[in-house]
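Survey of secondary and tertiary structure
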Amino acid sequence: MFEELTRRLNSALRDLRGRGKLSEKIVDEALRDVRRAMLEADVNYQVAKDFIRRVREKAIGQEVLKSVRPAQVVVKIVHDELVQLLGGEASTLDLSSSGSTVIMLVGLQGSGKTTVAGKLALHLRSRGKKTLLVAADVYRPAAGDQLSLLGEQIQVPVYVASGKKPVEICAKAKERARREGIDAVLLDTAGRWHIDKEMMQELVDIRRKVAPDEILLVADAMTGQEAVNLAKEFDALLDLSGVVLTKMDGDARGGAALSLRAVTGKPIKYVGMGEKLDALEPFYPDRMASRILGMGDVVTLVEKAKATMDLSEQRKLEEKLRQKTFSLDDFLSQLHQLKKMGPLDGLLDLVPGFEASGIVVDEKALVRVEAMINSMTAQERENPKIIEGNRKRRIAAGSGRTVQEVNQLLRQFAMIQKMVSGMGERGWEKNLLSMRSKRRKGRVYR
Amino acid sequence: MAILNRLKERLSRTRTELIGSLARVVRGHGCLDAELLEQMEEILIRGDVGVETTAKLLEGLKEKSRAAGQLKPGQILAILRQQIEEILGDERSKESSLPLSSTPHVILVAGVNGTGKTTSIAKLAKIYLDRGRTVLLASCDTFRAAANEQLEIWARRLGVGMVKNQPGADPAAVAFDALRAAQARGIDVLIIDTAGRLHTKSTLMEELKKIKRVIGKQIQNGPHETLLVLDATVGQNAISQARLFHEALGLSGILLAKLDGTAKGGIVIAIKDRLNIPVSYIGIGENLDDLERFDVGKFVGALFSDS
């Protein structure tokens, strides 16, 4: 997502890295490129200007230019300033208040409030919080239906009261939450223009009536220079507690992230990384800064792996790799572990350089592979060589695939076996990469 | 001239913040020097005109001033206006006639999540209905929760038919059914709503291509229009969206939604300058009538009306 900004910043800073000594002029040239890169990434004009001024002040200081590796020092200054700009410490929801925590989601139309409501509800539910979703959008057609369906999917109750005013709906929902001992209430308000006085007043009224513990601005990561205006307006009227940035899995250059934080001073708490309901991540300013500067976010990747992968399983697997006894069963167990880590696309984005590689990953292909392996006997999984014509037909019939697809799987597996047998030591990241599937062929039209 | 006044009013934020600010600094400064150029750069970039297009506009000004000597403020603004008109090209709306190339005339509508596809489709349908055409809607967003219901409510309000299928169904199959239905019923215009998708998700873009293929097999030269709905509050990412959707689908035009709420109408200029895809419609309000054919003359006129 930040790759374009990353590329531009890198090329600006690469010129610096190659030099032993720096002059003011060279630093200024590099910073001019950095500024341009930021503006092209939709960073607010003023924010970019201030940023460059701060970096310059620090970088032009005598000690820096005289230091042994001045370029590295300048890069570090840019990195540190980015972290500052992105908000320093990570910040998430405050659920400490006794009774029901009320979280209100606000934003423009189409920023992704309802989807974020669903994602946050799932996030809270999976942390053991009793959660209630509240449909406070009475304007957009079928907004309530959308929230109800999301609630159904993640088994979180949804409060819908048609024919009532949003203020009343929110107040009633809060009452119900208190009665039923619910930990977290998520208010999904209607999208609105920050310049629409009447509609903004409605939010002020809701805030006054239910006194939410958190008011989160949901904003599209692709927002342009208007980001600053809208953040200011919402913050001035509602005193936001934080921001959720959505659609970060696209190629947004991330300027909005930098601007929103800089003008409101409010932390970015979460980022939406995909259409699936588990695609919500906490926001870590330092990691994001590293990511913008092209250092990859290996920390997040390793943490995800740690959280989901069974370590003893991993050790067994590595042992097998060393002894070259990697079977289809092991392959299947790896598939399962991978799936637990969340949407594959998002995961691979964390691998430095992966996005640029242009490799396309198809999750449905993994489901098909799983079905085929599940249709094999234990003996076949251990020793795929014994799978001949009759067995192939049986596996194909059992998994609802074709013999050609079984053949393809066996071929691919043979390749993987060959690859992994040469890399036992290198661990799971490489295994993960070896499983990427090829660009899918056009689906059969039914 | 009620329509022109409405456009002027709805574009008032862009007018005052982009063109109005430019006029102010140019008049206040008097001559074209480095300081004025920097101030103009700031205003243009803040207006989402983009770094590259901004540089181009300012370069053009400098060139003219080298050739013609010191420019007066009025001349600077006139040159700027002329350059913007040149970039925007000669799109003129054909207010009264929206020619239908076949029956049904099939319009495929695509875009990123949350840009306003479904609402824009309702407005587009209204434009055709107002011209006495019959319209059928196809709900090919089989992914997002309650997408069917949302379009269905619009169809009911407009009094037009709608073809849908179960959530999770193949969207191309829904498009096929809808086209068959439109043909059988002798409908004039079929508008196909698709699920929002990020332009970078190649599998989802493949799905769109398939919808287009299926339509093309069923009706000659179909779809007759392929519109990308862009959110006007999006910044330079709009370029990336338009480029990738164009690569996948071959767009016939852009529908720029939500232009009324943003002060950043400069994105229209950036899009047209960077990609040669016409802006066909602009969304300038929340009512059903608030979608207009894009007309360069009227647009530029509304922007520069006070300066």
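The shown structure was predicted, so the numbers you read here are calculated from the model rather than taken from an experiment. (Residues numbered from 1 in each chain as written. Chains lettered and ligands numbered in written order. Predicted model: local features only at pLDDT ≥ 70, side-chain atom pairs only at ≥ 80, totals over all residues. Heavy atoms only, no water.)

1. A look at the overall build of chain A
Secondary structure summary: chain A contains 22 helices and eight strands in total. When burial is assessed residue by residue, chain A has 55% of its 446 residues classed as buried. Put simply, of all contacts in chain A between residues at least 6 apart along the chain, 74% involve residues at least 24 apart. When the accessible surface of chain A is summed, it comes to about 20000 Å², and 50% of that surface belongs to carbon and sulfur atoms. (Helix = DSSP H or I, 4+ residues; strand = E, 2+ residues; numbered from the N terminus. Buried < 20%, exposed > 50% of the residue type's maximum accessible area, 1.4 Å probe, protein only. Contact = heavy atoms within 4.5 Å. Areas by Shrake-Rupley, 256 points an atom, 1.4 Å probe, with all protein chains shown as cover.)

2. A closer look at the packing of aromatic side chains
Residues and elements named next belong to chain B. Inspection of the entire model under this criterion finds one aromatic pair over all chains. Here the basic side chain of arginine 157 rests over the ring of tryptophan 154, its NZ or CZ set 4.8 Å away from the ring centre. Looking at arginine 293, its charged tip hangs above the ring of tyrosine 281, at a distance of 4.9 Å from the centre. (Phe/Tyr/Trp six-rings, centres within 6.5 Å; stacked < 30°, edge-to-face > 60°. Lys NZ or Arg CZ within 6 Å of the ring centre and 35° of its normal.)

3. Here we look at the sheet that holds strand 2 (residues 135-140) of chain B
The strands making up a sheet are joined through hydrogen bonds of the backbone, oriented either antiparallel or parallel. Residue and element names in this part refer to chain B. Strands sit in the order 3-2-4-1-5-6-7-8 across an open sheet of eight strands; the sheet is mixed. Each of the sheet's edge strands pairs with one partner strand only, and the pair in question is strand 3 (161-163) and strand 8 (291-293). Put simply, the sheet's adjacent strands are angled 25° from each other on average, direction ignored. One ladder, built from five bridges, connects strand 1 (residues 105-111) with strand 4 (residues 189-194); its direction is parallel. Its bridge partner being in strand 4, leucine 108 is matched across the sheet by isoleucine 192. (Pairing = 2+ DSSP bridges. Axes fitted to C-alpha atoms, helices over the stretch in contact; angles between N-to-C directions.)

4. What about the pattern of salt bridges?
Charged atoms that come close allow side chains of opposite charge to pair. Residues and elements named next belong to chain A. Per the counting criterion, the structure on display carries 45 salt bridges over all chains. Among the ionic pairs, glutamate 202 bridges to arginine 192, the shortest N-O distance being 3.2 Å. Of this pair, glutamate 202 sits in helix 9 (residues 197-210) while arginine 192 sits in the loop between strand 4 (184-189) and helix 9, and the two are ten residues apart along the sequence. Summarising the burial analysis for this pair, glutamate 202 and arginine 192 share the class buried. (Salt bridge = Lys/Arg side-chain N within 4 Å of Asp/Glu carboxyl O.)

5. Brief notes about the environment of B:Ser280
Residue and element names in this part refer to chain B. Mapped onto the fold, serine 280 is located in strand 7 (residues 279-283). When the C-alpha atoms of serine 280 and leucine 255 are compared, they prove to be 5.8 Å apart, with 25 residues separating the residues in sequence. Those residues in contact with serine 280 that lie beyond four places of it in its chain are Leu227, Ser252, Gly253, Ile254, Glu292, Arg293 and Phe294.

6. Describing the sheet that holds strand 7 (residues 268-272) of chain A
Residue and element names in this part refer to chain A. Spatially, the eight strands line up as an open sheet ordered 3-2-4-1-5-6-7-8, and their pairing is mixed. The two strands at the open ends of the sheet, each matched to only one other strand, are strand 3 (158-159) and strand 8 (280-282). Relative to strand 6 (residues 242-246), strand 5 (residues 214-220) is paired through five bridges, and the arrangement is parallel. For alanine 219, the partnering residue across the bridge sits in strand 6 and is leucine 245. Against the sheet, helix 6 (residues 113-126) makes contact with strand 1 (101-106), strand 2 (131-136), strand 4, strand 5, strand 6, strand 7 and strand 8, and its axis sits at roughly 170° relative to strand 4, the strand it touches most. Contacts between helix 8 (residues 166-180) and the sheet are confined to strand 1, strand 2, strand 3 and strand 4, with strand 2 contributing the most and set at about 165° to the helix.

7. What about the environment of A:Asn374?
All names here are of chain A. On the secondary structure map, asparagine 374 appears in helix 18 (residues 363-374). Here asparagine 374 falls in the partly exposed class, since its relative accessible area comes to 43%. Each C-alpha atom, one on asparagine 374 and one on aspartate 329, is 9.1 Å from the other, the two residues being 45 residues apart in sequence. For asparagine 374, the contacting residues outside a window of four places in its chain are Leu332 and Arg381.

8. Focus on the pairing of strand 4 of chain A
Residues and elements named next belong to chain A. Of all six residues in strand 4, six are buried; the element is thus mostly enclosed. Along strand 4, one buried face is formed by Ala184, Leu186 and Asp188 and the opposite face, lined by Val185, Leu187 and Thr189, is buried too. Of the strand pairs in this sheet, strand 1 and strand 4 are connected by five bridges, and their pairing is parallel. Across the sheet, residue isoleucine 103 finds its bridge partner in strand 4, namely leucine 186. Strand direction decides the pairing type here: strand 2 and strand 4, joined by six bridges, are parallel. Looking at strand 4, one finds that leucine 132 is bridged to valine 185.

9. Focus: the confidence of the model for chain A
Taken over all residues, the pLDDT of chain A has a mean of 80, while the share at 70 or more is 72%. Below pLDDT 50 for its whole length, residues 295-299 of chain A participates in 13 contacts with residues either more than four positions away or in separate chains. (pLDDT = per-residue confidence, 0-100.)

10. Some remarks on the interface of chain B and chain A
Across the contact, 54 residues belong to chain B and 42 residues belong to chain A. At the boundary of chain B with chain A, total buried surface from both sides reaches about 4100 Å², with 54% on carbon and sulfur atoms. Looking at the side of chain B facing chain A, the largest losses of area belong to B:Arg46, B:Val51 and B:Thr233, adding up to 12% of the total buried there. The partner of A:Lys49 in a salt bridge is B:Glu42, and the shortest N-O contact between them spans 4.0 Å. In this structure, the connection of chain B to chain A is made through 14 residue pairs in polar contact (both at pLDDT 80 or more). Where the side of chain B that touches chain A is concerned, the elements lending two or more residues are helix 2 (12-29), helix 3 (34-46), helix 4 (51-68), helix 7 (147-158), helix 8 (171-185), helix 9 (202-218) and helix 10 (237-249) of chain B. Per-element tally for the side of chain B that touches chain A: the top contributor is helix 9 of chain B, with seven residues. (Buried area = accessible area lost by both parts, 1.4 Å probe. Polar contact = N/O pair within 3.5 Å; in protein donor to acceptor, adjacent residues only side chain to side chain.)

11. Points about unusual backbone geometry
Residues and elements named next belong to chain B. In the segment running from threonine 103 into proline 104, the intervening peptide bond is cis, with an omega of -5°. Relative to the helices and strands, proline 104 resides in the loop between helix 5 (73-88) and strand 1. Not every positive phi belongs to a glycine, and alanine 146 is a case in point at roughly 65°. Summarising the element assignment, alanine 146 is placed in the loop between strand 2 and helix 7. In this structure, lysine 258 takes a positive phi of about 65° despite not being glycine. If you trace the backbone, lysine 258 turns up in the loop between strand 6 (253-257) and helix 11 (266-274). On the accessibility criterion, lysine 258 (13% relative accessible area) is buried.

12. Notes on helix 10 of chain B
Residues and elements named next belong to chain B. In a regular helix each residue adds 1.5 Å, so 13 residues correspond to 18 Å; helix 10 covers 18 Å between its end C-alpha atoms and thus fits that length. Residues of helix 10 that are buried include every one of Asn237, Ala238, Ile239, Ser240, Gln241, Ala242, Phe245, Ala248 and Leu249, and no others. Elements in contact with the buried residues of helix 10: strand 1, helix 9, strand 5 (225-231), strand 6 and helix 11. A positive phi of about 65° marks glycine 250, the residue just after helix 10. (Expected span 1.5 Å × (residues − 1).)

13. A look at the side chain of A:Thr101
Residue and element names in this part refer to chain A. The residue threonine 101 is located in strand 1 in this model. Judged by relative accessible area, which is 1%, threonine 101 ranks as buried. Residue contacts for threonine 101: discarding those within four places in its chain leaves Asp94, Leu95, Asp183, Ala184, Val185 and Asp213.

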